[in-house]
Amino acid sequence: VIPSMRSLTAEEYVEAFKTFLGHSTEHQCMDEFNKEELPNIMAGGTGLHPLDLPIAARGELLHPAGGDLKMIRILQAAHPGVSVDNEIVEPNPKHVAAYKELVNQAPDLQNVSFIWHQLTSSEYEQQVKEKGAHKKFDFIHMIQMLYRVEDIPNTIKFFHSRLDHHGKLLIIILSDSSGWATLWKKYRDCLPSTDSGHYITSNGITDILKRLGFEYRVFEFPSGWDITECFIEGDPVGGLMMDFLTGTKNFLGTAPPGLRQRLQEALCQPECSSKKDGRIIFSNNLSMIVVES
């Protein structure tokens, strides 16, 4: 009997996500943005209470810590001597613990205070509204997290309302030029119903920002994900990558053969992937959207 298909648990998701990170240029892509564009973006803030606000996300459950600390260092370089208040919103206790560990190992973060909220973004929003907190922030970022939010327009609106004068909201999301966008729009029937979340890409976010009347700029950065192992029968790494791609536990072992074949064929389409040195590289292009206060 073939076991039935089911969604990944949080722990299984983390494991599948690690294989994605290990075979993609997602982190390098973000580093490039941090180096090339972020210093200019940060320099515009008032610098009185710079804030970094990573929020729990599909995809980037493992991103926040390392990436955040890099952003804080850029912030400090743009505003030397200014103290940084950093609030973190993250529901997974493992990620909070990992982040705290990284902070403990970073002696250069002298002027930075950390406040931890082990909450989802909607729980955090509710807490802020109940407390009637009026603290405003210079910089808020949402890295690859809007796929897992109940109400995207309201979430953006809420965090935008927390920006100080001249503050910036950074949204990092998959680009419409990515293979994900093609997969989600053109080949959605190849994805199992166990894949929960919003199939939203950059254009969906900019449409919301236009409706809200917010000013924004979009920076596009290329990124690739080597999915060659997904096509090697019985390959454990390929299996985990397909789990990540579909949000499904043991997709290759539990999906009907027809569905599996259709998805593998879709992944090879030129608008999803390219071939390089005999490897299949799925387009993982990212959009960095900077929203003005």
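Residues numbered from 1 in each chain as written. Predicted model: local features only at pLDDT ≥ 70, side-chain atom pairs only at ≥ 80, totals over all residues. Heavy atoms only, no water.

**Student:** Describe in detail the pattern of salt bridges, supporting the description with residues and values.
**Tutor:** Using the criterion set out here, one finds 11 salt bridges in the structure. The salt bridge involving E292 is made with K168; its shortest N-O contact spans 3.2 Å. One end of the pair, E292, is in strand β9 (residues 286-292); the other, K168, is in strand β4 (residues 163-174), and 124 residues separate them in sequence. Since its relative accessible area comes to 10%, K168 is described here as buried. Salt bridges sharing common partners tie together K168, R217 and E292. (Salt bridge = Lys/Arg side-chain N within 4 Å of Asp/Glu carboxyl O. Helix = DSSP H or I, 4+ residues; strand = E, 2+ residues; numbered from the N terminus. Buried < 20%, exposed > 50% of the residue type's maximum accessible area, 1.4 Å probe, protein only.)

**Student:** Requested: an account of the sheet that holds strand β6 (residues 224-226), with residues and values cited.
**Tutor:** Pairing in this open sheet of three strands is antiparallel, and the strands run β6-β8-β7 from one edge to the other. Pairing within the sheet leaves two strands with one partner each, and these edge strands are β6 and β7 (273-276). Here the average twist between neighbouring strands, direction ignored, is 35°. Of the strand pairs in this sheet, β7 and strand β8 (residues 279-283) are connected by four bridges, and their pairing is antiparallel. For S274, the partnering residue across the bridge sits in β8 and is I281. Packed onto the sheet, helix α8 (residues 179-186) meets β6 and β8 and runs at close to 75° relative to β8. (Pairing = 2+ DSSP bridges. Axes fitted to C-alpha atoms, helices over the stretch in contact; angles between N-to-C directions. Contact = heavy atoms within 4.5 Å.)

**Student:** Now, about unusual backbone geometry: what can you tell me, with residues and values included?
**Tutor:** Not every positive phi belongs to a glycine, and Q144 is a case in point at roughly 50°. With respect to the helices and strands, Q144 occurs in the loop between β3 (137-143) and α7 (152-161).

**Student:** Requested: an account of the nonpolar core, with residues and values cited.
**Tutor:** Membership of the largest hydrophobic core comes to 84 residues, with the highest contact counts inside it found for L146, I156, I171, L183, I205 and M288. Here this core takes seven residues from β4, the largest share from any one element. With residues near it in sequence (within four places) discarded, I171 still touches M142, L146, I156, I205, S287, M288, I289 and V291. (Core = buried A, V, L, I, M, F, W, Y, C linked by side-chain atoms within 4.5 Å.)

**Student:** Could you give an account of the pairing of strand β2 (residues 112-117), naming the residues involved and the relevant values?
**Tutor:** Taken together, the six bridges between strand β1 (residues 84-89) and β2 define a ladder with parallel strand orientation. In the strand pairing of β2, D85 is matched with S113. Crossover connection from β1 via helix α5 (residues 93-104) to parallel β2: handedness right-handed. (Right-handed = clockwise from strand over helix to strand, strands pointing away.)

**Student:** Can you break down the packing of aromatic side chains residue by residue, with the values?
**Tutor:** Across all of its chains, the model carries 22 aromatic pairs by this definition. Their ring planes at 25° and their centres at 4.7 Å tell us that F20 and F244 sit as a pair that is stacked. Of this pair, F20 sits in helix α1 (residues 10-23) while F244 sits in helix α10 (residues 236-246), and the two are 224 residues apart along the sequence. For the residue pair F20 and F244, the accessibility class agrees, reading buried in each case. Look at Y147 and W184: their rings are 6.0 Å apart centre to centre, the planes differ by 70°, and that puts the pair in the edge-to-face class. Of this pair, Y147 sits in the loop between β3 and α7 while W184 is found in helix α8, placing the two residues 37 residues apart along the sequence. Overall, W184 belongs to the buried group, its relative accessible area being 3%. Taken together, the ring pairs connect Y13, F17, F20, Y147, W180, W184, Y199, W225, F244 and F282 into an aromatic cluster. (Phe/Tyr/Trp six-rings, centres within 6.5 Å; stacked < 30°, edge-to-face > 60°.)

**Student:** Explain the environment of S178 to me, using residue names and the numbers behind them.
**Tutor:** Looking at where S178 falls in the secondary structure, it is placed in the loop between β4 and α8. Setting aside anything within four residues of it in sequence, one finds S178 in contact with S283, N284 and N285.

**Student:** How would you summarise the sheet that holds β9 if you had to cite specific residues and measurements?
**Tutor:** With respect to topology, four strands assemble into an open sheet ordered β3-β4-β9-β5, the strand pairing being mixed. Each having just a single partner strand, β3 and β5 (216-221) make up the two edges of the open sheet. On average, each strand axis in the sheet is inclined to that of its neighbour by 15°, with strand direction left out of account. Here β3 pairs with β4 via six bridges, running parallel. Following the sheet pairing, I140 is matched in β4 by L169.

**Student:** Run through the pairing of β1, naming residues and quoting values.
**Tutor:** Every regular strand shows the same layout, with side chains that alternate between the two sheet faces. Counting buried positions along β1 gives six out of six residues, so the element sits mostly inside the fold. Alternating residues of β1 divide into V84, N86 and I88 and D85, E87 and V89, and every residue in both groups is buried.

**Student:** Quick rundown of the state of the cysteines? Include the residues and the values.
**Tutor:** Here a disulfide denotes one covalent bond, and it connects the sulfur atoms of two cysteines. A complete count under the given rule lists zero disulfides for this structure. C272 provides the cysteine sulfur closest to C29, a residue in no disulfide bond, and the two sulfurs are 18 Å apart. A relative accessible area of 2% means that C29 is categorised as buried. As a non-bridged cysteine, C268 has C272 as the owner of its nearest cysteine sulfur, 9.1 Å distant. A relative accessible area of 32% places C268 in the partly exposed class. (Disulfide = S-S within 2.5 Å.)

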